[in-house]
Amino acid sequence: MQPAILLAADPATATLDSGNTAWILASAALVLLMTPGLAFFYGGMVRAKNVLNMLMMNFICLAVVGVLWAFYGFSWSFGATRWGGLIGSSANFYGLGNPDVLDSLWGFGPIYKIGSTLPAGIATAGAGVPVLVFAMFQLMFAMITPALISGAIADRVKFWGWTLFVGIWVTVVYFPIANWVFGTGWILNKIRAEDFAGGTAVHINAGAAALALVFVLGKRVGWRRDPMKPHNVPFVLLGASLLWFGWFGFNAGSEGGADAIAGLAFTNTTIATCAATLGWLLVEQFRDGKPTTVGAASGAVAGLVAITPACAFVSPLGGMAIGFIAGILCALAVGLKYRFGFDDALDVVGVHLVGGLTGTILIGFFGFDHGALAGGVESKRGLFYGGGLKLLEVQVVAALSVLAYSFVITFIIGTALKKLGVFRVSEEVEITGLDESEHAESAYSFSTVLSGGLSHLTGSTSEPSESKSSELSGKGV
Amino acid sequence: MKLVTAIIKPFKLEEVKIALENLGIQGLTVSEVSGFGRQRGHTEVYRGAEYTVDLVPKVKIEVLVGTVDVTKVVDAVTEAARTGKIGDGKVWVTDVDAVVRVRTGERDEDAL
């Protein structure tokens, strides 16, 4: 989200732009679908006894973050700046139901300048998108970011403990960082680092938090001894495909309107992902001897992660290079957990932290003059386009700041929850599987004979025997 | 009475079944099983991590036969299941003390 908030010169002249509004509405829906997509991407990679818990860890993020966003999340992320760019807050945004919010338009113009304050009402004009439309679009980012973390600590977390963690984490980690990167905060407005759609706020943030939680929670029972291979590889590819589809809303929607820059972001989102898929598969071919389906899905996600911050700031060939590099680096990085002995179950660190850092920092090299296209936006060039080291420096500062803040705060939250005994499940629960222990469900019921009978029926007086026997009669021996 | 048990490659099931039907066999039981022999298993790689899958899927066929038919049945199964490559499986024969047909209560040879 580079162009952030335009202060209205004259709110009376602001008019709704139906084209931009339609695209942001559609983009918001696309980004929403990414979280269930992620759930399947992750769900396919865990063992069959834990797949429902994995899906639920992702799905609950939609529920919790949506509620918090309406209360105060949007205000803290996108309200007027407080404490020198560390957090936002705007009374009009609390609850999202204020008539000011309903009637007002969100602006996407030149970068919001630090030192200015929002007007008494709400920033208006710009590209003519209603505030609530913008708020819903940004909500989807807040939902998927904690969901990304879940893959690292798969198979070992209490469901309500995780839910509590998500609520606390978005409050003290995501909302402030979103303000720094997308809103009125210091990364966007003070040091002017470039992060178009959330390479720092979403991916480095989630990756660093994942690393912290992996240290807090420790390894799964039997890690490196018992086989923990993906139980449903088709789910993994299906999930990755849904992510890619939704990511067009994530990246091209971050332009805030339907224009040429949105087209550039869309293009890079495609090309970089293609190149990253090839990069990952080539590593596998040379290292392991075979290109795998899980590798193709992972490579695509690595490319999507890496191009996220860069998608509107690089040329399509630059995007291709970033994607290819990210595909190779992430394919190599997922092996680090075995070398250093940390159980990042589904490689959130290897894909999201490494991919996010790759994309954010490579802007410093491949950054390209998009100002001419956008018209009026301060143009920045990376090292390869004659811009020197200045852009690279701010990119590194932004990336490392988010990494450090997220890691430290997450470590503290995680440690506190673990000490309270609400975070990690017992060894017995882990061995039984979280689907049965945490949710009293099982994902797959292949055998009618061995799946057990009804011990208790509520709300019905009918005997189950008739339907059961007819079910069995078709089975044969 | 004998129980002929055969562990074969799953894709050979149809051929073995036809061969047994041609001998006039009235019934058989098939199960999906896993195991290893000299063929051992294979290796799978997920994100660079290698998993050795040393239990390979096989099909187990069980046929109850009268003592006089055993050799023919064993030969038929062996012929039909053979590919000549490692992992074709095994056939063995065990004695059976008693057999009862559940529906009628017939016993032993009558129940086959």
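In this report, we go over the structure that sits alongside the text. (Residues numbered from 1 in each chain as written. Chains lettered and ligands numbered in written order. Predicted model: local features only at pLDDT ≥ 70, side-chain atom pairs only at ≥ 80, totals over all residues. Heavy atoms only, no water.)

## Let's talk about the packing of aromatic side chains
Residues and elements named next belong to chain A. On inspection of all chains with the given rule, the structure shows 31 aromatic pairs over all chains. Where W69 meets F74, the ring centres are 5.8 Å apart and the plane angle is 55°; that geometry is what we call tilted. The exposure classification of W69 matches that of F74, with both residues buried. For the ring pair F141 and F182, a centre distance of 5.9 Å and an interplane angle of 80° mean the geometry is edge-to-face. On the criterion of sequence distance, the pair formed by F141 in helix 4 (residues 131–150) and F182 in the loop between helix 5 (159–181) and helix 6 (186–189) is long-range, its members being 41 residues apart. Residue classification places F141 among the buried positions, given a relative accessible area of 0%. Aromatic rings pair up to connect W69, Y72, F74, W76, F78, F93, F134, Y174 and F175 into one cluster. Cation over ring: R224 sits above W223, and NZ or CZ is 5.7 Å from the ring centre. (Phe/Tyr/Trp six-rings, centres within 6.5 Å; stacked < 30°, edge-to-face > 60°. Buried < 20%, exposed > 50% of the residue type's maximum accessible area, 1.4 Å probe, protein only. Helix = DSSP H or I, 4+ residues; strand = E, 2+ residues; numbered from the N terminus. Lys NZ or Arg CZ within 6 Å of the ring centre and 35° of its normal.)

## With respect to the interface of chain B and chain A
On the chain A side, the residues contacting the eight residues of chain B number 19 residues. Counting each side, the surface lost to burial between chain B and chain A is near 1100 Å², with a carbon and sulfur contribution of 58%. The largest share of the area that chain B buries against chain A comes from B:Y46, B:R47 and B:Y51, three residues that together contribute 69% of it. Here chain B and chain A share two salt bridges between them. (Contact = heavy atoms within 4.5 Å. Buried area = accessible area lost by both parts, 1.4 Å probe. Salt bridge = Lys/Arg side-chain N within 4 Å of Asp/Glu carboxyl O.)

## Re a negative patch on the surface
Side chains of B:D69, B:D108, B:E109 and B:D110 sit close together on the surface and give a patch of like negative charge. Overall, the relative accessible area of 47% leaves B:E109 in the partly exposed class. (Patch = residues over 30% accessible without salt bridge, like charges linked within 9 Å, V, L, I, M, F, W, Y side chains within 5 Å. Areas by Shrake-Rupley, 256 points an atom, 1.4 Å probe, with all protein chains shown as cover. Lys, Arg positive; Asp, Glu negative; His and termini not counted. Charge placed at Lys NZ, Arg CZ, Asp CG, Glu CD.)

The quantities given are spatial measurements derived from coordinates; they are silent on function.
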